[in-house]
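Observations on the model geometry
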Amino acid sequence: MSRLIVISNRVAPIAEGKPTAGGLAVGVFDALKQAGGIWFGWNGEIVEGSTPPDDVRLESRDNITYATVALARNDYDLYYRGFSNGTLWPVFHYRPDLSSYDRREYAGYLRVNEWMVARLKPLIKPEDRLWVHDYHLLPFAQACRRAGLRNRIGFFLHIPFPAEQVMATVPPHQELVEAMCEYDQLGFQTDSDRRAFTDYVRRRLGGSRVVDRAIELDGKRIGVGAYPIGIYPEEIQRLSLKHSRSRQITNLKQGLVQRRLMVSVDRLDYSKGLVERFTAFERLLETKSEHRGQVSFIQIAPPSRSDVEQYRQIRRQLESAAGRINGRFSDLSWTPLRYINKSFDRSLLMSLFRASQVGYVTPLRDGMNLVAKEYVAAQPPDDPGVLVLSEFAGAAEELEEGALLVNPYDPDGMAERLHRALTMPLPERRERYEHMLQRLNDNNLSHWRDRFLHDLQESGTPG
Ligand code: GDG
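Residues numbered from 1 in each chain as written. Predicted model: local features only at pLDDT ≥ 70, side-chain atom pairs only at ≥ 80, totals over all residues.

1. Some details on the environment of alanine 377
- Of note, alanine 377 is situated in helix α13 (residues 370–377).
- In this structure alanine 377 comes out as buried when scored by C-beta crowding, with 27 C-beta atoms within 10 Å.
- Each C-alpha atom, one on alanine 377 and one on alanine 12, is 23 Å from the other, the two residues being 365 residues apart in sequence. (Helix = DSSP H or I, 4+ residues; strand = E, 2+ residues; numbered from the N terminus. Buried ≥ 20, exposed ≤ 12 C-beta atoms within 10 Å, placed from the backbone.)

Written as structure tokens, this is what we have:
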């Protein structure tokens, strides 16, 4: 089999032969280990100034070569902080109001994509397959073609693809979608995202024809599919048991006595709907007084992208909401909300999921949301908790029959669903859990990877 070359903005840090980060990193790592190949991308290092160091750091372990580059401060500002996270991220999450556009940043984004291709090119053999990940690298294939690379190239978008009119708020939208059409195979998280993309191509890029799971554009056929990313449920179940007798979880359970626990874990990001979630929890305590003193809500939110203003703003809003709720409802022996701004060990998180009666996962928009899937997989099968899930998370397309779906813009509706989750009888909880677990097993992480790589293999006409 030909080598696999994975390209992502960040190359995940590796500890003890396994990536320390969640879903994507583990899936990519396993695929690479099987096929053998290269993982190329930024190593997280920023070098002061405007000239990036040209050297590629190579490190080989197992079957994988990690090929990483540092970014110049100027490129980090334009490509990463600017166009990727200041323009694309908000628009792709349906928040054009939070997006800002600057031509210099866009030019920097294109330039960094080309620069990365130039660094990677000497490492590529003609028969290698390339698999590019996420919105930082939309024009990567175009830059590859311009550099003369004729390999098969696939792309997977981890975040939503917005509806045509929303996409059109990014000034160079057409150029970007045309650049995406230089890939041989495109992958989206859900069928709605796939449709949003093909709608754009059909309506805006004249002369194209959308056929079954592919688009034809200027005589070229581009595969377009939905590949919902999964997890390894058994691994999560195993991790969730690792800490079940640890001091931290035991202390937590002792502190709760008869209380019920609700848990949320998100990067601190406005797309995750944390303010709306806090408001709905407050509404629950207002309207259903029986939960006062009885329910504890733990929100873990490690800070992210704190050098982008919108992220600093959301942090201030949450601090104020958490203070208000606790000020209003706490008493001497009960604090309703524990809002924690730091990250935790993965297995401790999974044990916390297991110890919680409600997984409260309510993004305003999310490509998939792996926390929702991990919460389900971590449950004790004989006494599972309930997943309260936003209808705007990609995961809702797979879990709609088992989860209690909510509209995160409706605080009263959310409070009602929370009440229902907290009072749901065991037989219903079990039935819902078994349904969801079945879906997670049917579409685990290997399935996601294999389906994408299979379609990439069948796609395009390289050479
Ligand atoms: C993007 C898309 C899509 C969180 N806090 C800690 C921690 N985590 C882990 C979670 C989970 C992962 O990070 C987060 O994944 P999500 O899917 O929830 O969200 P994004 O980071 O926004 O990811 C998303 C995903 O890509 C994959 O395609 O699902 O829609 O936005 O695994 O458990 N892990 C540890 N400590 C923490 O404090 N160890």
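2. Considering unusual backbone geometry
- Positioned with a positive phi, aspartate 62 is a non-glycine residue whose angle comes to about 50°.
- Note that aspartate 62 resides in the loop between β5 (57–61) and β6 (64–72).
- Since 11 C-beta atoms lie within 10 Å of it, aspartate 62 is described here as exposed.
- In this model, aspartate 218 sits at a positive phi of 45°, which is unusual for a non-glycine residue.
- Within the element layout of this structure, aspartate 218 appears in the loop between β11 (214–217) and β12 (220–226).
- Overall, the presence of 9 C-beta atoms within 10 Å leaves aspartate 218 in the exposed class.

3. Some words on the domain arrangement of the protein chain
- Taken domain by domain, the protein chain comprises domain 1 (4–230 + 445–458) and domain 2 (233–442).
- At three residues, helix α2 (residues 73–92) tops the list of elements feeding residues into the side of domain 1 that touches domain 2.
- For the side of domain 1 that touches domain 2, the residue count by class is six nonpolar, nine polar and three charged. (Domains from an automatic or database assignment. Nonpolar A, V, L, I, M, F, W, Y, C, P; charged D, E, K, R; others polar.)

4. So, α13
- The buried fraction of α13 is high, at eight of eight residues.
- The complete set of buried residues in α13 reads Leu370, Val371, Ala372, Lys373, Glu374, Tyr375, Val376 and Ala377.

5. Points about the environment of asparagine 326
- Tracing the backbone shows asparagine 326 in helix α11 (residues 309–329).
- The spacing of asparagine 326 and arginine 338 is twelve residues in sequence and 8.7 Å in space, taken between C-alpha atoms.
- If we skip the residues at most four places from it in the chain, asparagine 326 touches Thr335, Pro336 and Leu337. (Contact = placed C-beta atoms within 7 Å.)

6. Some details on the pairing of strand β14 (residues 295–300)
- In this sheet, β14 lies alongside strand β13 (residues 260–265) in parallel orientation, the contact comprising six bridges. Bridge pairing links methionine 262 to phenylalanine 297 in β14.
- Considered for its hand, the β-α-β crossover made up of β13, helix α10 (residues 274–287) and β14 is right-handed.
- Across four bridges, the pairing between β14 and strand β15 (residues 337–340) is parallel. (Pairing = 2+ DSSP bridges. Right-handed = clockwise from strand over helix to strand, strands pointing away.)

7. Side note on the confidence of the model for the protein chain
- Across the protein chain, the average pLDDT comes to 92, with 95% of residues at or above 70.
- Per the prediction output, this complex has pTM 0.95; the corresponding ipTM is 0.99. (pLDDT = per-residue confidence, 0-100.)

8. Quick word on the nonpolar core
- Residues Leu387, Val388 and Leu389 are the most contacted members of the largest nonpolar core, which totals 135 residues.
- Counting residues per element, this core draws most heavily on α2, which supplies nine residues.
- For this core, the two domains that each supply at least three residues are domain 1 (4–230 + 445–458) and domain 2 (233–442).
- Beyond its immediate sequence surroundings of up to four residues, leucine 387 is in contact with Gly359, Val361, Ala372, Tyr375, Val376, Leu399, Gly402, Ala403 and Met436. (Core = buried A, V, L, I, M, F, W, Y, C linked by C-beta atoms within 7 Å.)

9. Section: the packing of α10 against α11
- It is at 10 Å that the axes of α10 and α11 come closest, and there the two elements cross at 10°. In terms of orientation, α10 lies roughly parallel with respect to α11. Mapping the contact onto sequence places Leu274, Val275, Phe278, Thr279, Phe281, Glu282 and Leu285 in α10 and Gln317, Leu318, Ala321, Ala322, Ile325 and Phe329 in α11.
- Residues of the contact of α10 with α11, tallied by class, amount to ten nonpolar, two polar and one charged. (Axes fitted to C-alpha atoms, helices over the stretch in contact; angles between N-to-C directions. Parallel < 35°, antiparallel > 145°, perpendicular 65-115°, else oblique.)

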